[in-house]
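# Structural overview for review
Here is how the chains run, residue by residue.
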Amino acid sequence: MESTAATLEETAGSARYALVALPVPLRRTFLYSIPEHLRGEVVPGSRVLVPFGKRRLTGYAVSLHERPGDDVAGKGIRLKDILEVPDARPLINEEILRLTEWTADYYLGSWGELLKAALPAGITETVVTFILPTEKAALPGAEESLTGTESEVLSTLLEDGEIAISDLKERFGARKAARTTGKLIEKGLAEKSHRKITAGLRPKTRRTVRLVDSSRQADLSAAQKKVIDQLSNELGEEMPLAELLEKAGVSASPVNTLEKQGALEIFEKEYRRDPMSGSARSYAPELILTGPQEMVLGSITSAINESGFKTFLLHGITGSGKTEVYMRAMKSALEMGKSSLMLVPEIALTPVFSKRLRAVFGDEVAILHSSLSRGERYDEWRRIRDGDARIVIGTRSAVFAPLENIGLIVVDEEHDPSYRQHEMPFYHGRDVAVVRAKMAGAVAVLGSATPALESYFNATSGKYELLELPDRIGDRPLAQAEIVDLRETFSEEGSDPVLAPALREAIAETHAKGEQSIILLNRRGFSQFVLCRSCGETIKCKNCDITLTFHKGIDRLVCHYCNYRLRTPTACPECESRFLYFLGEGTEQLEKLLRTEFPTLKIARVDRDSTRKRKQLEKLLHDFSERKIDMLTGTQMLAKGHDFPNVTLVGVVSVDAGLALPDFRSAERTFQLLTQVAGRAGRGDRPGRVIIQTFHPTHYALLHAKEQSYEAFYEDEIVYRRRLNYPPFTAMASILVKHADIRFAAETAGKLRKAFASVDPERKCSTLGPAPAALSKIKGEYRLQIIVRSANRNVLRKTLNAALELAEKNGCEMRIVHTEVDPVNLL
């Protein structure tokens, strides 16, 4: 993709053509003509309504031109006109144009899809095609020459007046509706109409009353006096009408009368939908920084002051005060007139950090994540675009927030795989954040107690500057960890207990002292799979190559990939045997067991199943911090970023499943999870304890997690990566070919493999496959995988571009080809 956003643009008034990026899975832009009445309105970053085949799409003007270019002019191609410019002001600024262009180019994605993803969900208009009858259709005898289906469709149109083509397809079937409406249009009995349908996103307004003349006191009724008195007591002498009626205890009649008399003014006023409106603002005391914190902060603020690009990796152990450093650095940036962006990996962490930021910076803070309502997200996005909020905190997609004059970008828990977008458009939020900092001449700070191996490698090789916080605040010791060998427990008890005796005893001791605990099991549901004792079959999803998980709360077997659900069987579907085993404990079963073992404890479960309702997770974490809950049990959602001073025990029921995953990062992820969750213990005045249950007690990831020594783990893991030529010693791409027909998928994958052989005869890249992916079928689609690796990143990208282009020319169906550059997992 050649660079267009960064080129010198002609003035909008003289430009006659525009390159438009469309939200379709194509890696190219499209040239459109700007009609005379729209010249001056179309500028880079404008949304534009354009014809595209038989559809009308909302795209994004990315560059303007006075001439169409030799490739168009020389062929005599007639360009289509831009139809409309929906917005008076462009929604995309120049910086986001350049950032999304780079992201689309690097990750081999669609620029238009990335631009759409950069805007608040629901803001983009869609164009719906309607079919309506003509005047001729209402004339007598119009239906005489029609077939039965044509007559039926025309009768529907005459009855409804018009109907969306999508509704016709649903009623009559896609092919029949398309064929029939085409015939009716040919015969002059129907016509098409296109209409923009918006998501209804607009500023929220409320009817508001303002006191205009308070001098009129004579001849007022008692109700009118109540209204005047209520408004006189209000700051600014105005308030929402509904609130005024409630507080004054009157009906609308006296208000309307006072408006007619000129004493009041009733008008529509915009009100912000504040996602933190229901949260109390906590007091944020000024903390005294430790010596290492002062040194780290000094390095960051000096770099911000120099107004040049720099990337720091802040490696600070759990509880070392990284968050305080982030906030002080943001404050320094704000004092220098610069804005700041902070990314967090999980929605669960945004309330925690946003409350602290709001306590310090007030309304200068905006929040962006997918759990906000569309209205809240839209209002926060507008505040950022208008410069009313200069500090933004959010999850992955907040990297595209329209902040101006960025001085600092913080990526907290930078190792977390949640920063990777696993659906098109693909991108990694952490890496895009570093690129955005480079484009803006800003400082990027990547923080973690367990950095990604690639990040730490970059820091030790000089690409990033390494900053360290080696000690906890107040010189508190790290929690003491111990490994429980479940093999010994099994031989002693004759069974595989969910909770080993050592963990049971530790839970009882902890709560006898009035302290709290966290018990981790990174598997949802009650039982992981159902096994027939008679025939040995497991019950699998009909759409995926995966066993169904038993969820007792809803009495269903559920697929965690496609959400297929099956009523819990009483007999084997294969042999009808009634001897079914429910094996492999999940968080639901663990919660039940803990409640049975410790009936006096208040226990809550934290996983995706128990926190689906909005703000449910925030309430659970708040109640736990207020000690209304004695124990939290759940998945990895508990492992990140939380600070509970009264937690002195962390129990890990099992991490063996994660270690067994067929992925070269499985050991790294296991070490990170264990170290992070261990860091939740002992953050207060009392020492912490961590108990890890496993059948693999000698695995190096577990041994280093026990000591909570990142450097020791890195030294072992980097040897393994170097020996097997895995990142960071090689650049990698994963190509998945996905289709419901395995033969078609295999044929397409074969064409791709031949394309790589053709463009890389010297084999500068190592190409493996195609072969079935580790998860060979998901959501009804078979998955074939090709892995491409190269020691040189530029060689990899050139090879990928050339091979994909050649495969498309050779008739390869690219819509089923999904390419991930720098994949975070190979499943």
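This structure is a prediction, so every number in the text was calculated from the model and none was measured.

Counting its secondary structure elements, the protein contains 25 helices and 34 strands. In terms of C-alpha radius of gyration, the protein reaches 31 Å, essentially the compact-globule figure of 28 Å for 827 residues. Put simply, 76% of the contacts in the protein that link residues at least 6 apart link residues at least 24 apart. Charged side chains of the protein number 114 positive and 111 negative; the gap between the two group centres comes to 3 Å.

With that out of the way, let us pick up helix H19 (residues 616-625). For H19, the set of buried residues is Leu617, Leu620, Leu621, Asp623 and Phe624. In an axial view of H19, the angular spread of the buried residues amounts to 160 degrees, which keeps them on one side of the axis. Directly after H19, the chain includes arginine 627, whose backbone phi takes a positive value near 65 degrees.

Turning our attention to the sheet that holds strand S30 (residues 689-694). Strand order in the open sheet made by the 6 strands is S20-S30-S29-S21-S28-S27, with parallel pairing throughout. Each end of this open sheet is capped by a strand with a single partner; those strands are strand S20 (480-485) and strand S27 (603-606). Here the strands of the sheet are splayed against their neighbours by 15 degrees on average, with no regard to which way each runs. Two strands pair when backbone bridges link them, and S20 and S30 are joined in this way by 6 bridges, in the parallel orientation. When the sheet's bridge partners are listed, aspartate 485 is paired in S30 with threonine 694. Helix H17 (residues 501-512) contacts S20, strand S21 (516-521), strand S28 (631-634), strand S29 (647-654) and S30 of the sheet and is inclined by roughly 160 degrees relative to S30. Taken strand by strand, H19 contacts S21, S27, S28 and S29, and its axis lies near 140 degrees from that of S27.

For the rest of this paragraph, the subject is unusual backbone geometry. With an omega of 0 degrees, the peptide bond running from methionine 424 to proline 425 counts as cis. Mapped onto the fold, proline 425 is located in the loop between strand S16 (420-421) and strand S17 (427-428). The omega torsion of the bond from glycine 769 to proline 770 falls at 10 degrees, within 30 degrees of zero and hence cis. Positive phi, close to 50 degrees, is recorded for glutamate 413, a residue that is not glycine. Its place among the elements puts glutamate 413 in the loop between strand S15 (406-412) and S16.

For the rest of this paragraph, the subject is the packing of aromatic side chains. In this description, a pair of aromatic rings is defined by centroid distance and the angle of the planes. The full count for this structure, using the stated rule, is 17 aromatic pairs. One aromatic cluster is present, built from ring pairs that chain together Tyr456, Phe671, Tyr700, Tyr710, Phe713 and Tyr714. Of note, arginine 533 hangs over the ring of phenylalanine 579, and the distance from its end group to the ring centre comes to 4.1 Å.

Moving on, we come to the sheet that holds strand S11 (residues 310-316). With respect to topology, 7 strands assemble into an open sheet ordered S13-S14-S12-S15-S18-S11-S19, the strand pairing being parallel. A strand with exactly one partner marks an edge of an open sheet, and here the two such strands are strand S13 (365-368) and strand S19 (465-469). Averaged over all pairs of adjacent strands, the angle between their axes in this sheet comes to 20 degrees, without regard to strand direction. Both S11 and S19 contribute to a ladder of 5 bridges, which runs parallel. Paired with phenylalanine 312 across the strands is glutamate 465, a residue of S19. Taken strand by strand, helix H13 (residues 374-385) contacts S13 and strand S14 (391-394), and its axis lies near 135 degrees from that of S13.

Okay, a negative patch on the surface next. Residues Glu468, Glu711, Glu715 and Asp716 make up a contiguous surface patch of negative charge. A total of 3 residues in the negative patch trace back to one element, the largest contributor, which is helix H23 (residues 710-724).

Here serine 577 lies in the loop between strand S25 (565-567) and strand S26 (580-585). Given a relative accessible area of 10%, serine 577 falls into the buried group. Of note is the side chain of serine 577, whose polar atom sits 2.7 Å from the side chain of serine 534. A polar side-chain atom of serine 577 sits 3.1 Å from the main-chain amide nitrogen of phenylalanine 579. Sequence-distant contacts of serine 577, that is, excluding residues within four places in its chain, are made with Cys532, Ser534, Ala571 and Cys572.

The next thing to look at is the confidence of the model for the protein. Looking at the protein as a whole, the pLDDT averages 87, with 93% of positions reaching at least 70. By mean pLDDT, helix H1 (residues 70-73) is the weakest element of the protein at 57, and strand S18 (residues 443-448) is the strongest at 97.

Quick look at the pairing of S18 now. Among the 6 residues in S18, 6 count as buried, and that is most of the element. The sheet contact formed by S15 and S18 spans 5 bridges and is parallel. Each bridged residue has a counterpart across the sheet, and for leucine 408 the counterpart in S18 is valine 443.

Taken together, the side chains of Arg175, Lys176, Arg179 and Lys183 make up a positively charged region of the molecular surface. In this structure, lysine 176 sits in helix H6 (residues 174-186).

Inspection of every chain in the model, using the stated rule, returns 44 salt bridges. Across the pair glutamate 597 and arginine 504 runs a salt bridge whose closest N-O atoms are separated by 3.3 Å. Residue glutamate 597 is found in helix H18 (residues 587-597), and its partner arginine 504 is found in helix H17; the two are separated by 93 residues along the sequence. The exposure class of glutamate 597 is partly exposed, given its relative accessible area of 34%. Owing to a relative accessible area of 26%, arginine 504 belongs among the partly exposed residues under this scheme. When the shortest N-O distance is used, the salt bridge between aspartate 822 and arginine 793 registers 2.9 Å. Here the residue aspartate 822 occupies a position in the segment after strand S34 (817-821), and arginine 793 occupies one in helix H25 (residues 793-809), the gap between them amounting to 29 residues. Judged by relative accessible area, which is 36%, arginine 793 ranks as partly exposed.

Rules and cut-offs
Residues numbered from 1 in each chain as written. Predicted model: local features only at pLDDT ≥ 70, side-chain atom pairs only at ≥ 80, totals over all residues. Heavy atoms only, no water. Helix = DSSP H or I, 4+ residues; strand = E, 2+ residues; numbered from the N terminus. Rg over C-alpha atoms; globule rule 2.2 N^0.38 Å. Contact = heavy atoms within 4.5 Å. Lys, Arg positive; Asp, Glu negative; His and termini not counted. Charge placed at Lys NZ, Arg CZ, Asp CG, Glu CD. Buried < 20%, exposed > 50% of the residue type's maximum accessible area, 1.4 Å probe, protein only. Arc of directions from axis to C-beta. Pairing = 2+ DSSP bridges. Axes fitted to C-alpha atoms, helices over the stretch in contact; angles between N-to-C directions. Phe/Tyr/Trp six-rings, centres within 6.5 Å; stacked < 30°, edge-to-face > 60°. Lys NZ or Arg CZ within 6 Å of the ring centre and 35° of its normal. Patch = residues over 30% accessible without salt bridge, like charges linked within 9 Å, V, L, I, M, F, W, Y side chains within 5 Å. Areas by Shrake-Rupley, 256 points an atom, 1.4 Å probe, with all protein chains shown as cover. Salt bridge = Lys/Arg side-chain N within 4 Å of Asp/Glu carboxyl O. Polar contact = N/O pair within 3.5 Å; in protein donor to acceptor, adjacent residues only side chain to side chain. pLDDT = per-residue confidence, 0-100.

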